[in-house]
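# Summary of structural features
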Amino acid sequence: MKTAIISDIHSNLEALTAVLSVIDALPHDEIVCLGDIVGYGANPDECVDVIRERKIPAVMGNHDKAAAGLIETDDFSQMAKAGIAWSKKSLKGESLAFLKALPLIMETPDILYVHSSPDNPGDFRYLIYPSDAFVSYDSFSQKVCFVGHTHRPVIFDPLSGESAVLTREKSIVNVGSVGQPRDGDWRACFALFDSERWSVEFFRVEYDNETARRKILEAGLPQRLGDRLLVGV
Ligand code: ZN
């Protein structure tokens, strides 16, 4: 079974469209989304439409939760607050209802999908360093947990390190961000998990980031939200 895993689309329709066309051309059995469909970018409603119409199972990210009005944005940065305000203004009722109904986790006997971290998924903790991930291992029973949230693709596997073939003991894998990468590479990121080989492959996809940036500026969103798409930070 091959699962394409996308996360942190952040209302970037150009990046989402480009990533899905690459996935469509790859052998795969399913697509899963790890949340933060909205926030930051200019096309929240359009991105929700794509996920909903393609029936891509998704978990809830902190930006989805805030846009749906389920949490306040006091802890959000000024840029994030601006993105949430734009999302709230743009989203139609059925999109809001869709975001509100997203679960915090999805799971199979062997795989856990969550936006931020497996312990207390509703707290949206950041797993940045291996030490952040290692304290989470006892909080899930599956062999692998896929996360997003930091916008940086990385494999945390205490036995195999960052090898693409995971150990079957316990791993946490961050699949990176489709719509706002922050690892210094502007190209959209997603991961393909092969449950037979038990391996993860990261893909980087060029997309029309100039158009995504222009739409952000035209929407009156903070300039930095557009500029960062050109450099991936
Ligand atoms: Zn995010």
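The structure displayed is predicted, hence computed values, not measured ones.

### Some thoughts on empty space enclosed by the protein
In the structure shown here, the tally under the stated rule is 1 cavity of 30 Å³ or more. Its volume calculated, the largest cavity comes out at about 80 Å³. Residue lining of the largest cavity: 16 residues in total, with Asn12, Gly41, Ala42, Ile216 and Leu229 positioned closest to the centre. Among the secondary structure elements, those contributing two or more residues to the lining of the largest cavity are helix H1 (13-24), helix H7 (209-218) and helix H8 (223-231).

### Things to note about a nonpolar patch on the surface
On the surface, Tyr126, Ile128 and Tyr129 cluster together into a nonpolar patch covering about 320 Å² of accessible area. Along the chain, the position of tyrosine 126 falls in the loop between strand E4 (111-114) and helix H6 (130-134).

### Description of the layout of surface pockets
Of the volumes computed, that of the largest pocket is approximately 260 Å³. In terms of lining, the largest pocket is formed by 16 residues, of which the most central are Asn62, Asp75, Phe76, Phe124 and Tyr126. Its residues placed into classes, the lining of the largest pocket shows 6 nonpolar, 6 polar and 4 charged. Considering only enclosed or pocket space, the second largest pocket measures out at about 150 Å³ in volume. Lining of the second largest pocket is provided by Met1, Thr3, Glu30, Val32, Met106, Glu107, Thr108, Asp110, Ile111, Tyr113, Ser195 and Trp198. Put simply, the parts of the chain that give the lining of the second largest pocket at least two residues each are strand E2 (30-33), strand E3 (105-107) and E4. Taken together, the residues that form the lining of the second largest pocket break down as 6 nonpolar, 3 polar and 3 charged.

### Considering the sheet that holds E2
If you walk across this open sheet you meet the 4 strands as E2-E1-E8-E9, and the pairing is mixed. Both edges of this open sheet fall to E2 and strand E9 (199-205), since each of them pairs with a single strand only. Going across the sheet, the axis of each strand differs from the next one's by a mean of 25°, ignoring polarity. Along the sheet face, H1 touches strand E1 (2-6), E2, strand E8 (188-194) and E9 and points at about 30° away from the line of E8.

### Structural notes on the coordination of the zinc ion
Binding of the zinc ion to the protein goes through Asp8 (OD), His10 (NE2), Asp36 (OD) and His151 (NE2), at separations of 2.0 to 2.4 Å. Coordination at the zinc ion comes from 4 donor atoms whose angles at the metal span 86 to 178°, giving a geometry best classed as irregular. Spacing between the donor residues of the zinc ion along the chain follows D-x1-H-x25-D-x114-H. Of this pair, aspartate 8 sits in the loop between E1 and H1 while histidine 151 sits in the loop between strand E5 (144-147) and strand E6 (154-156), placing them 143 residues apart in sequence. Assessed through its relative accessible area of 0%, aspartate 8 is described here as buried. Residue class for histidine 151 comes out buried when judged on its relative accessible area of 2%.

### A look at the packing of aromatic side chains
Under the counting rule described, the total for this entry stands at 7 aromatic pairs. Judged by centre distance (5.0 Å) and plane angle (80°), the ring pair of phenylalanine 193 and tryptophan 198 falls under edge-to-face. For phenylalanine 193, a relative accessible area of 0% gives the class buried. Taking the relative accessible area as the measure of exposure, tryptophan 198 reaches 3% and is therefore buried. By the ring-pair criterion, three or more aromatic residues cluster together here, those being Tyr113, Phe146, Phe193 and Trp198. In this structure, lysine 143 is placed above the aromatic ring of tryptophan 198, and the distance from its NZ or CZ to the ring centre is 5.7 Å.

Quick notes on the rules
- Residues numbered from 1 in each chain as written.
- Predicted model: local features only at pLDDT ≥ 70, side-chain atom pairs only at ≥ 80, totals over all residues.
- Heavy atoms only, no water.
- 1 Å grid on protein atoms, 1.4 Å probe; cavity = no way out; pocket = protein on both sides within 12 Å on 5 of 7 lines; lining within 4 Å.
- Points joined across faces, edges and corners; volume = space filled by probe spheres on them.
- Helix = DSSP H or I, 4+ residues; strand = E, 2+ residues; numbered from the N terminus.
- Patch = residues over 30% accessible without salt bridge, like charges linked within 9 Å, V, L, I, M, F, W, Y side chains within 5 Å.
- Areas by Shrake-Rupley, 256 points an atom, 1.4 Å probe, with all protein chains shown as cover.
- Salt bridge = Lys/Arg side-chain N within 4 Å of Asp/Glu carboxyl O.
- Nonpolar A, V, L, I, M, F, W, Y, C, P; charged D, E, K, R; others polar.
- Pairing = 2+ DSSP bridges.
- Axes fitted to C-alpha atoms, helices over the stretch in contact; angles between N-to-C directions.
- Contact = heavy atoms within 4.5 Å.
- Donors = N, O, S within 2.8 Å, 3.2 Å for Na, K, Ca; no water.
- Tetrahedral: all angles 85-135°; square planar, octahedral: opposite > 155°, others 65-115°.
- Buried < 20%, exposed > 50% of the residue type's maximum accessible area, 1.4 Å probe, protein only.
- Phe/Tyr/Trp six-rings, centres within 6.5 Å; stacked < 30°, edge-to-face > 60°.
- Lys NZ or Arg CZ within 6 Å of the ring centre and 35° of its normal.

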